[in-house]
Every structure is written in C-alpha cells, then in structure tokens.
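Here's the letter readout for the chains.
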Amino acid sequence: MSADAQLRADIVEVGRRLYARGYTASNDGNISVRLDAARLLMTPSGVCKGFMTPDMMCITDLEGRKLAGDRNPSSEIQMHLEVYRRRPDVNAVVHAHPPLATGFAVAGIPLDRAVLAEVVCTLGSVPIAEYATPSTKELPEAVGKYVKAHDGMLLANHGALTLGTDLFSAYFKMETIEHFAKISLVARLLGGERILSREEVFRLQGLRGHYGIAAPAPICADPAPGSPADCQVVQAPSAPGQRLVPDYVAFPEDLAGTLARRAQMAGSVPADREIRLTYGELTALIEDAVKNLR
Ligand SMILES: [Zn+2]
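Residues numbered from 1 in each chain as written. Predicted model: local features only at pLDDT ≥ 70, side-chain atom pairs only at ≥ 80, totals over all residues. Heavy atoms only, no water.

1. Things to note about helix 5 (residues 138-147)
Line of reasoning, step 1. By the criterion of burial, helix 5 is predominantly enclosed, with 7 of the 10 residues buried.
Line of reasoning, step 2. Buried within helix 5 we find L139, P140, A142, V143, G144, Y146 and V147.
Line of reasoning, step 3. Contacts from the buried residues of helix 5 go to helix 2 (77-86), strand 6 (128-129), strand 7 (152-155) and strand 8 (159-164). (Buried < 20%, exposed > 50% of the residue type's maximum accessible area, 1.4 Å probe, protein only. Helix = DSSP H or I, 4+ residues; strand = E, 2+ residues; numbered from the N terminus. Contact = heavy atoms within 4.5 Å.)

Shown next, in the form of structure tokens:
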C-alpha cells in the first residue's frame, strides 16, 4: 500500500473510532495529516466521520487550496493550517466533540490540575482556547495562542483539539483528554481531587526525559496572571515533603477561608502564621475563590 493510501485508510479508521466512541455526532469533527512538506490530506466537509471511505479525502496545500478530491475540505481547515504553520513537528491534527471534555469546555473549566501522573508526563495541562465562532478566522487565532506549548486543548463551548507526530498519536491524545475529563468529573462528584504537589510534578517532568516523552514545552506551576502561553500551566500547590495534597479550591466556605487554605498550601506554613502575598498572588486567590462561589 502506498503512503498516500495508508494515510487515507488510517483517517477512515480514526474517524470510525471517534464516531464509535461518541466523540463526534452526525458530521462533527475533522482530521488531517501531512502528506509531505507542501500537502495535507484532510477529511471533507459534510460527512459523518464514522462512515468515510478513502476516496472521500481532499488534498490541499498549506494555504488551504484544494489540489485534489471530489469534495471540499473541512470547514475548520483554517484551524488545522494554523497548527501546521506554528508546529513543524506536528504531522496530524484531530478535532472532535467528546462529551465529557466538551462539558468542561462549556463550563469554562480547564483540565489543568495535576492529578494523574501519566497525564502530567504526557500532555502536561489541557487549557481552554477562548470561544470563537466555528469556521471563522477567530478560531485559528484562539487556538494559535496555545498551540506552541500544548498537544491538546479544549475549545470553549465547542470541543477539543489534539496534535501529534503521527495520526494515531494525535488520536490517542483525544482519548486521553476524554478519559482525564471523565476521571476528573468522578473525582469532583466524590468530593474533589487530591492534587499532586508541585514538587511531585517537577519530579514527573524529569521522567519525560528519562522515558523519551516529547513535550512541546516545560511545565510551569501557577505562573503569574498574564504570563505568556509558552509553558504548560499546571495547578499544583507547593508542599515540600508531600506527594499529594487535599483539593485546595473545591470547598470554599468563605473567601477568607479559601485564602488562608490556599496560602497555607502554597507555603506549607502553619495556619496562624502571618504570610505576605504579592498583588498578583492575591488577585489569583480571589479569582479562584470567586470561581468556586458560582
Ligand atoms: Zn467542531
């Protein structure tokens, strides 16, 4: 089988799996791969991804112009092109609407808490790209902000996007995000996650090199508000000597209690000890508390 034929068959298979797992409904979602340095193979618009055949795919250039195929490329082609332009290491892009991850995207809750060691090692965090009208230029702009540092992200009030060095790695990241969302939801229903300490997160980051896990950017824990999106922001409170800490944002009885608890977690200081916070830290604490009062 030629490389072109194999990639067409792989897209058909991944589309079938996305649909079978309920990650797409009706004609949702789109998939693309690099054929070579100048051409992409992409799913067509207006077809169910569970029932595609290899001949349905379009070939486009990196500007989105159709070079071959009976059908038009996906309406989200600009989002895919944005990824390929910004990430030369990426050879495949998968977009779907897996319901649990999309639920987090609709609720405005990123999957950025350090709770599963394997997710920390591989994806780091899964941020939410700001809401943008599908198929418009806004969507590639919103996604572009996070693409440099992330192989997986949620799209606010829309779905999820994953990238990979090959098609199956992009697809498996979609599975990981949905699985992570399911586990996070169950943990919150059961009273909230216990969170990996910042020290444990950095230990896990060290394992990336040991196991040869390629990540587009390093992990950074709770950076100052407004910092550039060039690292993977993971919520992980500092707690020297501990690997797990209680959920420090799930049960804010009141603002003061939350501030005190968060400050205690941040520095592992006794509750009655005076601590000093920067304006940025205080703002972040208040934002956390307000988010949880809703
Ligand atoms: Zn979509």
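2. Examining the confidence of the model for the chain
Line of reasoning, step 1. Averaged over all residues, the pLDDT of the chain equals 89, while 87% of them reach at least 70.
Line of reasoning, step 2. Note on residues 250-254: pLDDT is under 50 here. Beyond four places in sequence and across chains, it has 9 contacts. (pLDDT = per-residue confidence, 0-100.)

3. Overview of the pairing of strand 7
Line of reasoning, step 1. Neither face of strand 7 is open: one carries G152 and L154, the other M153 and L155, and all of them are buried.
Line of reasoning, step 2. Sheet topology places strand 6 next to strand 7; 2 bridges connect them, and they run parallel. Of the residues in strand 7, the one forming a bridge with I128 is L154.
Line of reasoning, step 3. Remark: the strand 6/helix 5/strand 7 crossover connection has right-handed handedness.
Line of reasoning, step 4. Pairing analysis gives 4 bridges linking strand 7 to strand 8, with the strands arranged antiparallel. Within the sheet, the bridge partner assigned to L154 lies in strand 8 and is A160. (Pairing = 2+ DSSP bridges. Right-handed = clockwise from strand over helix to strand, strands pointing away.)

4. Details of the sheet that holds strand 2 (residues 39-42)
Line of reasoning, step 1. Here we have 8 strands laid out as an open sheet, ordered 4-3-2-1-5-8-7-6, and mixed in their pairing. Here the strands that pair on one side only, and so sit at the sheet edges, are strand 4 (66-68) and strand 6.
Line of reasoning, step 2. Pairing geometry for strand 1 (residues 30-34) and strand 5 (residues 92-96), over 4 bridges, is antiparallel. Across the sheet, the residue bridging to I31 is V94, located in strand 5.

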